[in-house]
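# Residue-level structural notes
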Amino acid sequence: MKKITCFYLLICSVFLCTAQKSLSEYVNPFIGTGGHGHTFPGATTPFGMVQLSPDTRIDGSWDGCSGYHYSDTVLYGFSHTHLSGTGCSDYGDILLMPFVWKKEGEIPSSFTSRFSHVAEMASPGYYGVRPENGILTELTASTRAGFHRYDYGAYQENGEPQTVSDPENTLSAGVVLDLYHRDDLLDFEIISVGKNEVYGYRRSKAWAKNQIVYYWITFSEPFERYFTLDKNNHTARSGAKMAFDFGKKDNIKVKVGISGVNAKGANKNLTKEIPHWDFEKTRDEAVAGWDKELSKIQVEASSVEQYTVFYTALYHCMIAPNIYSDVDGQYRGRDDKIHSTGGDWDYYTVFSLWDTYRALHPLLTIIDEKRTNHFIRTFIRQYEEGGLLPVWELSANETYCMIGYHSVSVIADAYMKGIRDYDAEKAFAAMKHSAMQDHFGLAAYKKYGYIPSDKEHESVSKTLEYAYDDWCIAQMAKEMGKKEDYEYFLKRSQGYLNLYNKETGFFRPRKNGGWLSPFRPSEVNNHYTEGNAYHYSFGNQHDLSSFYSLWRPYKNQVEIKLDSLFLTKQKMTGREQADVTGLIGQYAHGNEPSHHIPYVYSVFGSPEKTQERVHRVMTEFYNDQPDGLIGNEDCGQMSAWYVLSALGFYPVTPGGNTYQTGTPLFSKARVALANNKTLTILAENLSEENYYVKSISFGSEKSYPMTLFHATQKLKNQSITGIKEGGELRFEMTDKPVSVKQWGASTQKKPSFLLISGDKKTFRDSLKISITDGFGESTEGLYYTIDGSNPS
């Protein structure tokens with residue numbers, strides 16, 4: 001529960017005195033720090049290298065992946081790197097903690113302090129806390145440097161206030177630098193320069209097996225002496241823990257630059273970005289940076305809670321990936337060598353691609369084409385310098401976490417939307433290279449068209465995701481005129497059908513050519529990635545029309561299959577899987593494989609059920625409390641789903657050019673596009689009860705009621721305007737579900753695919769086939785050719 005405190009009110013009063021409320025004021029960085037959200041509340045800038053945040057966990061436990069959890073009560077210090085919402089632990093580099101010497105010459109037994117949320121405050125670009133020791137700590141950041149401000153004036157000893165600067169006592173202000181903190185320390189260096197600067201590096205091993213961070217620390221006051229300490233706080237000749245004594249000082253500021261290149265780069269980052277000692281100036285610049293980014297989407301919400309949830313979600317979408325190149329363009333590559341961008345673009349790190357290809361990267365193609373281009377340039381560099389496109393790259397290390405090669409989805413999605421400020425030929429070569437490897441079951445996948453369960457674990461999920469990635473490669477190959485590649489990868493993308501079992505209607509593991517038994521679709525086991533057969537029942541997001549053909553025996557409706565997912569009373573069985581949360585039936589919103597599924601109703605002509613499911617998820621699984629995320633944030637994916645869904649549409653198949661419509665959450669939203677145009681979204685008659693869509697129009701044209709295009713599309717000899725051109729997207733809302741057949745004649749259009757079927761699976765000379773639309777209905781008025789000429 002959120003608590004209002006004197007400290008909180010003091011900070012808020014500054015905001016309330018401003019003439020105009022800024023969007024960053026709606027952001028609550030504590031959302032996601034409780035439950036299983038795994039976010040951090042500290043100071044950072046949009047996509048910044050530095051995430052300066054409190055550390056309350058010293059282990060890599062599940063709910064401590066970000067280094068902080070809202071349930072904790074002990075503060076270990078403030079480190080400069082953190083991961084937002086991941087399922088594995090890393091970072092927590094270069095930890096500082098202010099303390100007070102209780103007796104001259106005596107080393108404290110502990111540098112930790114208990115704290116309470118009553119004395120804690122966080123907002124974009126700022127974090128402050130007054131723990132039980134009374135030392136007020138405030139943090140802010142630039143892109144590549146952190147800024148600390150310590151006030152020792154309210155220090156408390158045994159509950160009694162003490163004045164450090166009082167000459168009558170023996171108290172002395174101190175700061176500890178801890179390079180042991182959290183993951184395994186492999187190597188380090190601490191070198192002092194004069195009496196107010198320290199530099200060095202920290203090389204560690206955790207999720208990233210060889211991570212190195214260089215740092216340059218500058219103190220506002222000279223230190224009088226320092227002690228090196230070991231893990232147990234005993235004096236040592238060379239320890240990775242150092243305590244600095246500043247004497248009788250009530251206020252000390254600390255600036256810390258970091259770099260992946262060298263200490264000189266860390267110093268250059270610091271002096272370029274924070275050349276002064278004005279804490280408020282740095283904080284104001286951070287806030288201005290957040291306001292600029294958040295203003296790309298402006299909504300008119302019905303409550304403060306709606307504003308808070310939405311803008312915190314958008315904030316979380318802009319924390320990662322992180323800039324990894326220094327101010328001069330230098331960066332550490334995947335080959336552990338130093339390279340340069342030339343200074344005209346930014347190189348990035350922290351690519352949680354199994355998660356973020358689904359919604360985060362598609363969102364950024366709408367509001368941030370420049371960074372999207374830089375991401376893909378980064379991918380190409382990682383391919384050139386490390387031999388492979390990133391899978392889950394972290395701080396110049398490939399973790400190979402999760403499955404698939406979803407860099408290809410991000411590249412294809414951008415390319416098909418006309419975002420192409422990179423070497424497309426190199427990008428395509430890198431995509432093919434990733435697809436032609438033999439690791440992680442790819443050898444079997446290429447040989448059999450699927451992965452047998454005895455050849456690779458998580459065989460069903462990997463087959464489905466490889467097939468989707470291959471479809472992405474095929475789409476880009478077709479657009480680039482690479483016919484042979486297009487045909488090869490399109491054929492490969494159909495391999496997932498080998499795992500469809502018509503008796504059960506699920507994708508099942510196969511072994512020795514047969515079906516692996518026993519089979520329970522609710523069972524979480526080693527054949528699926530963080531899920532079960534229910535969660536992957538719509539895993540072929542690239543080829544949903546083939547699914548319709550597979551499910552025709554089920555009363556000719558995919559809707560029945562979808563309903564069984566959301567309405568089943570079956571409970572999950574099998575191994576414990578902490579990722580699988582946010583259940584509606586067997587639908588699991590807390591984990592990414594389910595995210596597109598509510599929109600599949602719309603693909604197959606039941607948009608009213610998409611609206612029901614999406615509205616329920618938006619209103620029940622997201623709130624403004626610390627446990628306001630139903631599952632891991634996963635570097636922005638959980639929030640990106642919400643942001644796009646709240647606008648009223650979602651990319652079921654990234655790598656294409658379409659979005660499926662859902663139900664908007666706001667009466668009005670304005671999206672600033674990269675081409676300086678504006679997409680305005682209006683929801684007429686919207687209310688808590690009126691979340692069903694009665695009609696949709698886009699500009700002067702009637703759009704497909706369930707499909708929007710990103711770029712303008714030619715279809716059936718007419719041009720359909722894409723949202724990239726800006727304009728007005730208008731939803732008319734009502735309180736009752738409206739089926740496709742109830743839509744007005746001018747808007748009653750259906751998904752653009754055909755079902756071609758015959759009564760036999762194989763034939764020698766000829767086969768009689770039937771052609772229907774995607775619903776098995778009449779094709780009267782439909783014209784087609786089979787030679788590529790225009791139908792007449």
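Residues numbered from 1 in each chain as written. Predicted model: local features only at pLDDT ≥ 70, side-chain atom pairs only at ≥ 80, totals over all residues. Heavy atoms only, no water.

The two faces of strand β7 (residues 120–123) match: Glu120 and Ala122 on one face and Met121 and Ser123 on the other face are all buried. As paired elements, β7 and strand β8 (residues 126–129) share four bridges and run antiparallel to each other. In the sheet register, Ala122 faces β8, and the bridge partner there is Tyr127. (Buried < 20%, exposed > 50% of the residue type's maximum accessible area, 1.4 Å probe, protein only. Helix = DSSP H or I, 4+ residues; strand = E, 2+ residues; numbered from the N terminus. Pairing = 2+ DSSP bridges.)

Another aspect to go through is the environment of Val693. Looking at the element boundaries, Val693 is found in strand β40 (residues 692–698). Overall, Val693 belongs to the buried group, its relative accessible area being 1%. Sequence spacing of Val693 and Pro607 is 86 residues, and the spatial spacing of their C-alpha atoms is 8.3 Å.

With that out of the way, let us pick up the pattern of salt bridges. If charged atoms from side chains of opposite charge come close, those side chains can pair. In total, this model carries 37 salt bridges according to the counting rule given. Linking Arg202 and Asp183 is a salt bridge whose minimum nitrogen-to-oxygen distance equals 2.9 Å. Taken together, the residues span a long stretch of sequence, with Arg202 in strand β15 (residues 197–205) and Asp183 in the loop between β13 (172–178) and β14 (184–193) at a distance of 19 residues. This pair shows no difference in class: Arg202 is buried, exactly as Asp183 is. The shortest N-O distance in the salt bridge between Glu425 and Lys482 comes to 3.1 Å. (Salt bridge = Lys/Arg side-chain N within 4 Å of Asp/Glu carboxyl O.)

With that out of the way, let us pick up the packing of aromatic side chains. Tallying each qualifying case throughout the model produces 47 aromatic pairs. Between Phe310 and Tyr311 the ring centres are 5.1 Å apart and the planes differ by 90°, which places this aromatic pair in the edge-to-face class. Put simply, the rings of Tyr26, Tyr307, Phe310, Tyr311 and Phe666 touch in pairs and so form one group of aromatic residues. The aromatic ring of Tyr126 is capped on one face by Arg283, whose charged end is 3.8 Å from the ring centroid. A cation over an aromatic ring shows up here: Arg510 above the ring of Trp515, its NZ or CZ 5.0 Å from the ring centre. (Phe/Tyr/Trp six-rings, centres within 6.5 Å; stacked < 30°, edge-to-face > 60°. Lys NZ or Arg CZ within 6 Å of the ring centre and 35° of its normal.)

Turning our eyes to something else, we now look at the confidence of the model for the protein chain. Predicted coordinates in areas of low pLDDT are best not read in detail. With 89% of its residues at a pLDDT of at least 70, the protein chain reaches an overall mean of 90. Every residue in residues 1–19 scores below 50 in pLDDT, and together they form 26 contacts with partners more than four places removed in sequence or on other chains. Across residues 774–778, confidence stays below pLDDT 50; counting only partners more than four residues off in sequence or on other chains, it has 13 contacts. (pLDDT = per-residue confidence, 0-100. Contact = heavy atoms within 4.5 Å.)

We now examine the side chain of His595. In this structure, His595 sits in the loop between β35 (587–588) and α15 (600–603). Separated by 2.9 Å, the side chain of His595 and the backbone oxygen of His589 make a polar contact. Contact partners of His595, with chain neighbours within four places excluded, come to Tyr587, His589, Gln637, Met638, Trp641 and Tyr650. (Polar contact = N/O pair within 3.5 Å; in protein donor to acceptor, adjacent residues only side chain to side chain.)

For the pair helix α6 (residues 360–367) and helix α17 (residues 637–647), the least separation of the axes is 8 Å and the interaxial angle reads 55°. One finds that α6 runs oblique with respect to α17. Note on packing geometry: the crossing formed by α6 with α17 is left-handed. Contact with α6, carried on its side by Leu360, Leu363 and Ile366, involves Gln637, Ala640, Val643 and Leu644 of α17 and no other residues of that element. (Axes fitted to C-alpha atoms, helices over the stretch in contact; angles between N-to-C directions. Parallel < 35°, antiparallel > 145°, perpendicular 65-115°, else oblique. Left-handed = near helix turned anticlockwise from the far one by under 90°.)

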